[in-house]
Amino acid sequence: MCWLMPLGGVGVSRISEPLVFVGHRFVPGPLPAILLAEGKSASEHKRVEEHVPGGLTHGNWLAEMKFIADSMVGSLARWLRAMGQDVVYDPFMPDSMLMRRAREEGRILLTRDTRLLLVKDVPAHLFISHDGLEEQLAQVISTLGLNPKEEEFLTRCMECNGLLESVEKEAIRGRVYPYVYATQENFQECPDCRRLYWGGTHLPRLKEKLQRLLRFAREKER
Ligand SMILES: [Zn+2]
């Protein structure tokens with residue numbers, strides 16, 4: 001299954017390259033199989049290396065992918081976070097800041113905004129070519145060769161991307177409903193937005209949804 005979509009397919013003809021990495025194309029597959037499929041000259045390889053922040057090799061960068069999502073793919077951002085992926089998303093972030101953070105932090109821009117792609121020196125990006133969440137997740141996972149691990153599910157705050165930390169039950173007394181406090185033992189807190197998370201009846205359903213989304217993506221890869 002190939003996810004690469006030429007921009008011409010959405011009615012903009014100026015850029016004819018597939019909208020994956022700037023001027024380049026990833027082929028779907030596991031990470032080691034990611035190739036520059038077109039324009040394999042040394043200078044083109046160098047252009048990809050230029051996107052890699054200092055101190056990281058190209059391989060490390062791919063293995064530790066981080067993302068920044070535009071305002072059109074908020075749901076995708078939240079569910080990638082739920083799978084443990086590092087995704088900056090703020091629907092009010094100006095485009096200029098979005099681009100700057102993508103470059104400075106080595107984040108891959110996930111975008112459905114064709115305007116952004118016309119900007120000179122657009123950072124490394126993946127154009128999200130679907131409307132539905134399941135298809136969008138499948139596109140990101142298969143195109144970039146992501147391998148979300150179940151043990152990393154629900155380790156990030158879905159609201160702000162913070163890495164959750166365990167907190168003592170006593171420390172959060174009064175911050176949750178009495179029924180929750182009385183019936184739950186394990187609590188986690190987002191150090192950034194202070195949101196509290198706990199288990200409960202919805203947790204198995206949430207994990208099942210994540211597993212289902214992942215299965216859907218894996219099936220699309222075949
Ligand atoms: Zn948070």
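What counts and what doesn't
Residues numbered from 1 in each chain as written. Predicted model: local features only at pLDDT ≥ 70, side-chain atom pairs only at ≥ 80, totals over all residues. Pairing = 2+ DSSP bridges. Helix = DSSP H or I, 4+ residues; strand = E, 2+ residues; numbered from the N terminus. Axes fitted to C-alpha atoms, helices over the stretch in contact; angles between N-to-C directions. Contact = placed C-beta atoms within 7 Å.

Colleague: What am I meant to see in the sheet that holds strand E2 (residues 87-89) here?
Modeller: Neighbouring strands of a sheet are bound in pairs by backbone hydrogen bonds; such pairs are parallel or else antiparallel. Strands sit in the order E2-E1-E3-E4 across an open sheet of four strands; the sheet is parallel. Where the open sheet ends on each side, the last strands, each with one partner, are E2 and strand E4 (125-127). Direction aside, the axes of adjacent strands within the sheet are offset by 25 degrees on average. The pairing of strand E1 (residues 67-69) with E2 spans three bridges and is parallel. In the sheet register, Ala69 faces E2, and the bridge partner there is Tyr89. Where helix H3 (residues 74-82) meets the sheet, it contacts E1, E2 and strand E3 (108-111), and its direction lies at approximately 145 degrees from that of E2. Where helix H4 (residues 95-105) meets the sheet, it contacts E1, E2 and E3, and its direction lies at approximately 170 degrees from that of E1.

Colleague: Would you explain the environment of Asp86 in this entry?
Modeller: With respect to the secondary-structure elements, Asp86 resides in the loop between H3 and E2. In sequence terms Asp86 and Leu163 are 77 residues apart; their C-alpha atoms lie 9.0 Å from each other. Residues contacting Asp86, with those up to four places away along its chain left out, are Lys66, Phe67 and Asn161.

Colleague: Help me understand the sheet that holds strand E7 (residues 196-198), please; the structure alone is not making it clear to me.
Modeller: Taking strand neighbours across the sheet as the criterion, the three strands line up as E5-E6-E7 in an open arrangement whose pairing is antiparallel. A single partner strand is all that each edge strand has here, and the edge strands are strand E5 (165-167) and E7. Neighbour-to-neighbour, the strand axes of this sheet turn through a mean angle of 40 degrees, independent of strand direction. In terms of strand pairing, strand E6 (residues 187-189) meets E7 through three bridges, oriented antiparallel. Residue pairing for E7: Glu189 is matched across the bridge by Leu196.

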